[in-house]
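Listed below, chain by chain, are the residues.
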Amino acid sequence: MSYAATYLDEVAEIAASISREDMERMATGIAAIRERGGRLFIIGVGGGAGHASHAVNDFRKIAHIESYTPSDNVSELTARVNDEGWDTSYSAWLKTSRITAKDGMLVFSVGGGSREHNISMNLVQAMELATEVGAPIYAIIGKADGHAAQAAEVAIVVECEAARRTPHVESFQAILWHLVVSHPAVEAQPGKWEEVEGVGSAPGAA
């Protein structure tokens, strides 16, 4: 079998394995953040940081949810890393943003972070702060034994071959946040092409 066939067959298997019920719970949970006047803080590093920036755009524009990510402001992020270090860079930003129980957090991470193994400690400390203040955490990750899987109210674990964990997990992060944004409970206005063509999900609460 060719590599392309193997990879795409794995994509189909992963899609079939994703919990539909958990995706519904994630969508309704994120919609509830808007309904109570909260904000959605989206965090990730590496590819997850790129996803976070894209997702902030989608949740703000399409879902009308006030959303932010600490990695969008390179000046502030690098100042915090330079002056206080990487581990506290996101949690310190969240403290300045005055995260509360009204808000929520969406995490994009392959491993989900680990205090035990000292991996992605800026994500771990950000999630610990969210837990401390009572803000619900939602996560799309690739491992069931990382911090995100344990801390999240809803954790979608992308089960896949370890040899291709990163490409599959990062790909499905984009697929699944787009599922949430376009969910009828979350979508407040259609995307531009859906609007032009007169199709798309029924709008959620503005």
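Note: the structure precedes this text.
Right, let's walk through the structure included here. (Residues numbered from 1 in each chain as written. Predicted model: local features only at pLDDT ≥ 70, side-chain atom pairs only at ≥ 80, totals over all residues. Heavy atoms only, no water.)

As for the overall build of the chain
Heads up, the rule is: Helix and strand assignments follow DSSP, with helices taken as H or I runs no shorter than four residues and strands as E runs no shorter than two, numbered in order from the N terminus. When we talk radius of gyration, it's over C-alpha atoms, and the globule rule is simply 2.2 Å times the number of residues to the 0.38. Relative accessibility thresholds used throughout: buried, under 20% of the residue-type maximum; exposed, over 50%; partly exposed, between the two (1.4 Å probe, protein chains only). Residue contacts are counted whenever heavy atoms from the two residues lie within 4.5 Å of one another.
Looking only at helices and strands, the chain features nine helices and five strands. Its C-alpha radius of gyration of 17 Å places the chain within 12% of the 17 Å reference for a compact globule of 206 residues. Expressed along its principal axes, the backbone C-alpha trace of the chain runs to roughly 45 × 45 × 30 Å. The proportion of buried residues among the 206 residues of the chain is 46%. A sequence separation of at least 24 residues applies to 66% of the contacts in the chain between residues at least 6 apart.

Here we look at the packing of helix H5 (residues 89-96) against helix H6 (residues 121-133)
As a reminder of what qualifies: Axis definition: a line fitted to C-alpha atoms, limited for helices to the stretch in contact. Angles are taken between N-to-C directions and run from 0 to 180 degrees. Residue polarity is assigned by list, with Asp, Glu, Lys and Arg as charged and Ala, Val, Leu, Ile, Met, Phe, Trp, Tyr, Cys and Pro as nonpolar; anything else, Gly included, falls into the polar class.
Where H5 contacts H6, the two axes come as close as 6 Å, and the packing angle between them is 30°. Residues Ser 89, Tyr 90, Ser 91, Leu 94 and Lys 95 of H5 form the contact with H6, whose participating residues are Asn 122, Leu 123, Gln 125, Ala 126 and Leu 129. Residues of the contact of H5 with H6, tallied by class, amount to five nonpolar, four polar and one charged.

Points about the packing of aromatic side chains
Heads up, the condition is: Planes of paired rings set the category: under 30 degrees apart is stacked, over 60 is edge-to-face and the rest tilted, where pairs are Phe, Tyr or Trp rings (Trp by its six-membered ring) whose centres lie within 6.5 Å.
Inspection of the entire model under this criterion finds five aromatic pairs. Relative to Trp 93, the ring of Phe 41 has its centre 5.6 Å away and its plane inclined at 90°; by these criteria the two rings are edge-to-face. Of this pair, Phe 41 sits in strand E1 (residues 40-44) while Trp 93 sits in helix H5; the two residues are 52 residues apart in sequence, bridging distant segments of the chain. Residue Phe 41 is classed as buried on the basis of its relative accessible area of 0%. On the basis of relative accessible area, Trp 93 is assigned to the buried category, the value being 10%. An angle of 55° between the planes, with centres 5.9 Å apart, marks the rings of Trp 86 and Tyr 90 as tilted. Among the aromatic residues, those joined into a ring-pair cluster are Phe 41, Tyr 68 and Trp 93.

Structural notes on the sheet that holds strand E4 (residues 137-141)
So the rule is basically this: Strands qualify as paired when DSSP identifies two bridges or more between them.
Pairing is parallel across the open sheet formed by five strands, whose spatial order is E2-E1-E3-E4-E5. Taken across any chain shown, the strands that pair with only one partner, and hence form the sheet edges, are strand E2 (67-68) and strand E5 (154-157). The sheet contact formed by E1 and strand E3 (residues 104-108) spans five bridges and is parallel. Its bridge partner being in E3, Phe 41 is matched across the sheet by Met 105. Sitting on the sheet, helix H3 (residues 47-61) is in contact with E1, E2 and E3, with an inclination near 160° to E1. In the packing of H5 onto the sheet, the strands contacted are E1, E2 and E3, and the crossing angle to E1 comes to about 170°.

Focus: the nonpolar core
Rules: For this analysis, a nonpolar core means a set of buried residues of the types Ala, Val, Leu, Ile, Met, Phe, Trp, Tyr and Cys, connected via side-chain atoms within 4.5 Å.
Counting residues in hydrophobic clusters, the biggest one holds 33 residues, and the most contacted among them are Met 26, Ile 42 and Phe 59. Of all elements in the fold, only helix H2 (20-35), E1, H3, E3, E4, E5 and helix H8 (165-182) reach the threshold of two or more residues within this core. In terms of residues, this core owes the most to one element, H8, which gives seven residues. For Phe 59, the residues in contact, after removing those within four places along its chain, are Ile 30, Leu 40, Ile 42, His 64, Ile 65, Ser 67, Leu 106, Trp 177, Val 180, Val 181 and Val 186. Core analysis: the next-biggest nonpolar cluster, separate from the first, contains 22 residues, Ile 43, Trp 93, Met 127 and Ala 130 among them.

Remarks on the environment of Arg 60
The topology assignment puts Arg 60 in helix H3. For Arg 60, a relative accessible area of 39% gives the class partly exposed. Considered as a pair, Arg 60 and Val 181 are 121 residues apart in the sequence and their alpha carbons are 9.7 Å apart. Those residues within four positions of Arg 60 in sequence are excluded, and the remaining contacts are Ile 65, Glu 66, Ser 67 and Tyr 68.

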